[in-house]
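# Structure at a glance
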Amino acid sequence: MRKDSSWADGLLTGEILLIGTAEIAHLWGVLLHRPFSECVLVFTVLAAVLLAGAAALAAVRLHREGRGRKLPDKSVLTGNPGEWILLLILGLMIIWQILFTASGENIYRQGDMTVETVGSFLQSNGIYQVNPLTGGAYLEGIPLRLKILCLPALYGAICSIFRLDPRLAVWHVVPVITLISCYAAYSCLGRCLFPESRKKRLTFLIAVGCLLWAGSYAFGMDGFGVLYSGWRGLTIRNCVILPYLFSLCLRKKWFQVLLCAAAEACIVWTLYGLGAGVVISLGMAGIGFWLRHRMRGSGEGI
């Protein structure tokens, strides 16, 4: 199994680290009762450190690859007409879906108060200080298991840093990022399933895109989440983190698996403490151990 990283790995790992950074800044405000502007400052400093570290690692990697660079394979550059047709279909499908989600005309807001919560953070300069429903202080408080989730703080930090309106950031910008990240996650999975066939990987991604459209007919389906409510924690977990987690388990990148499980705990609370990512990771590790033991036993029998 190929263990090399791609651009999709860099994108997804960076997003996971940003979620962790947002969680640190969020807890800074929740536990220490600090103003939200201070949380934004903490997030900005940590994100800048991560960006600098990523740039340094990229420079080192490019330097190493440059020293051992070989002539490019012409077959990789030219491909064949079938691959180019598949690439064109995939590109048009992704562009269509990006325009669909970016327009914000078909978002699903029923029962969701993310925009209002982000707005209350920015206006009150505090985390969960003002109830967006009443405009007053919370009378009964918020359960800690929900209060520690960091997505509203992350979106609020994005709005504060880039001077964006919460509605623009949450309903337009974030869903596009989620959609692109979804394809990046399935691209990593496709590289694991079809490591030697670019044509099969493209076909796999086209099938994923078709399934997203097909699954957009009802609330609760993954396609519906990506195309109509890409800012929700459940959508990010189901359509980005979990498929990426599968690819990491297949490549045995266990440290990044732990990062995915931690990121899930920061954005959505499932099974009262035990996330789906933990269950999948343990299951994949157990299956891998059983297969290795079985193959070793078969070899000894032969």
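Residues numbered from 1 in each chain as written. Predicted model: local features only at pLDDT ≥ 70, side-chain atom pairs only at ≥ 80, totals over all residues. Heavy atoms only, no water.

### Quick look at the overall build of the chain
For clarity, the threshold we go by: Note on conventions: DSSP H or I runs of at least 4 residues are helices, E runs of at least 2 residues are strands, and numbering of each starts at the N terminus. Computation of the radius of gyration draws on C-alpha atoms alone. For the globule rule, the value is 2.2 Å times the number of residues to the power 0.38. Only protein chains enter the accessibility calculation, which uses a 1.4 Å probe; a residue whose area is less than 20% of its type maximum is buried, one above 50% is exposed, and one in between is partly exposed. Whether two residues are in contact is decided by their heavy atoms, any of which lying within 4.5 Å being enough. All accessible areas in this document rest on Shrake-Rupley with a 1.4 Å probe, and a residue is counted as covered only by the protein chains that are shown. The charged-residue count follows a simple rule in which Lys and Arg add positive charge and Asp and Glu add negative charge, with His and chain termini not counted at all. Every charge is mapped onto a representative atom, which is NZ of Lys, CZ of Arg, CG of Asp or CD of Glu.
Across its full length, the chain carries 13 helices and zero strands. Over its C-alpha atoms the chain spans a radius of gyration of 21 Å, differing by no more than 12% from the 19 Å that the globule rule assigns to 302 residues. Looking at the 302 residues of the chain, the share that counts as buried comes to 40%. Expressed as a percentage of contacts within the chain between residues at least 6 apart in sequence, the contacts between residues at least 24 apart total 72%. Counting only carbon and sulfur atoms, one obtains 67% of the accessible surface of the chain, whose full area is about 17100 Å². A distance of 9 Å separates the average location of the 27 positive side-chain charges in the chain from that of its 17 negative side-chain charges.

### A few points about the pattern of salt bridges
As a reminder of what qualifies: Salt bridge, as used here: a side-chain nitrogen of Lys or Arg that lies within 4 Å of a carboxyl oxygen of Asp or Glu.
With the rule as written, the count across this model stands at six salt bridges. Residues Glu38 and Arg34 are paired through a salt bridge, measuring 3.0 Å at the closest nitrogen-oxygen approach. What makes Arg34 partly exposed here is its relative accessible area of 36%. A salt bridge links Arg232 to Asp112; the shortest N-O distance between them is 3.9 Å.

### A look at unusual backbone geometry
The phi dihedral of Asn125 is positive, around 55 degrees, even though this residue is not glycine. By the element assignment, Asn125 lies in the loop between helix 5 (114–124) and helix 6 (144–147). The backbone of Arg163 sits at a positive phi, close to 55 degrees, despite the residue not being glycine. Summarising the element assignment, Arg163 is placed in the loop between helix 7 (151–162) and helix 8 (166–193). By relative accessible area, Arg163 is classed as exposed at 69%.

### Looking at the layout of surface pockets
Rules: In the cavity and pocket records, a cavity denotes points on a 1 Å grid over the protein atoms alone where a 1.4 Å probe fits but cannot get out, a pocket denotes an open set with protein on both sides within 12 Å along at least 5 of 7 lines, and lining residues are residues with an atom within 4 Å of a point. Grid points are joined across faces, edges and corners, and a volume is the space filled by probe spheres set on the points. In the scheme used here, Gly and all other residues not listed as nonpolar or charged are polar, with Ala, Val, Leu, Ile, Met, Phe, Trp, Tyr, Cys and Pro taken as nonpolar and Asp, Glu, Lys and Arg as charged.
Put simply, the largest pocket is a space of about 1300 Å³. Taken together, 43 residues make up the lining of the largest pocket; nearest its centre are Gly10, Leu11, Thr13, Gly14 and Glu15. Within the residue set of the lining of the largest pocket, elements represented by two or more residues are helix 1 (7–32), helix 2 (36–67), helix 7, helix 8 and helix 11 (233–251). A breakdown of the residues in the lining of the largest pocket according to their chemical character gives 29 nonpolar, ten polar and four charged. One number sums up the size of the second largest pocket: a volume of about 800 Å³. If you go around the second largest pocket, you meet 31 residues; those closest to its centre are Asp112, Thr114, Leu149, Arg232 and Gly233. Elements with a minimum of two residues in the lining of the second largest pocket: helix 5, helix 6, helix 7, helix 10 (222–228) and helix 11. With five residues, helix 11 is the largest single contributor of residues to the lining of the second largest pocket.

### Details of the environment of Ile280
As for its placement among the helices and strands, Ile280 is situated in helix 13 (residues 276–301). In this structure, the C-alpha to C-alpha distance between Ile280 and Val170, residues 110 residues apart in sequence, is 29 Å. In contact with Ile280, not counting residues within four places along its chain, are Leu242, Leu245 and Phe246.

### Structural notes on the packing of helix 8 against helix 11
Helix-helix packing is described using two parameters, namely the angle between the two axes and the distance between the axes. Cut-off, in case you're wondering: Working convention: axes come from line fits to C-alpha atoms, limited for helices to the stretch in contact. Angles between N-to-C directions cover 0 to 180 degrees. Throughout, the term roughly parallel applies to angles under 35 degrees, roughly antiparallel to angles over 145, roughly perpendicular to angles from 65 to 115, and oblique to all others. In this scheme the handedness of a crossing depends on how the near helix is turned from the far one: anticlockwise by less than a right angle means left-handed, clockwise means right-handed.
Two elements in contact, helix 8 and helix 11, have axes whose closest approach is 8 Å; the angle formed by their N-to-C orientations is 25 degrees. Taken together, the axis directions place helix 8 and helix 11 in an arrangement best described as roughly parallel. Remark: the crossing between helix 8 and helix 11 carries left-handed chirality. Contacts between helix 8 and helix 11 pair Thr178, Ser181, Cys182, Ala185, Tyr186, Cys188, Leu189, Cys192 and Leu193 from the former with Thr235, Ile236, Cys239, Val240, Pro243, Tyr244, Phe246, Ser247, Leu250 and Arg251 from the latter.

In short, shape yes, function no, at least from these values alone.
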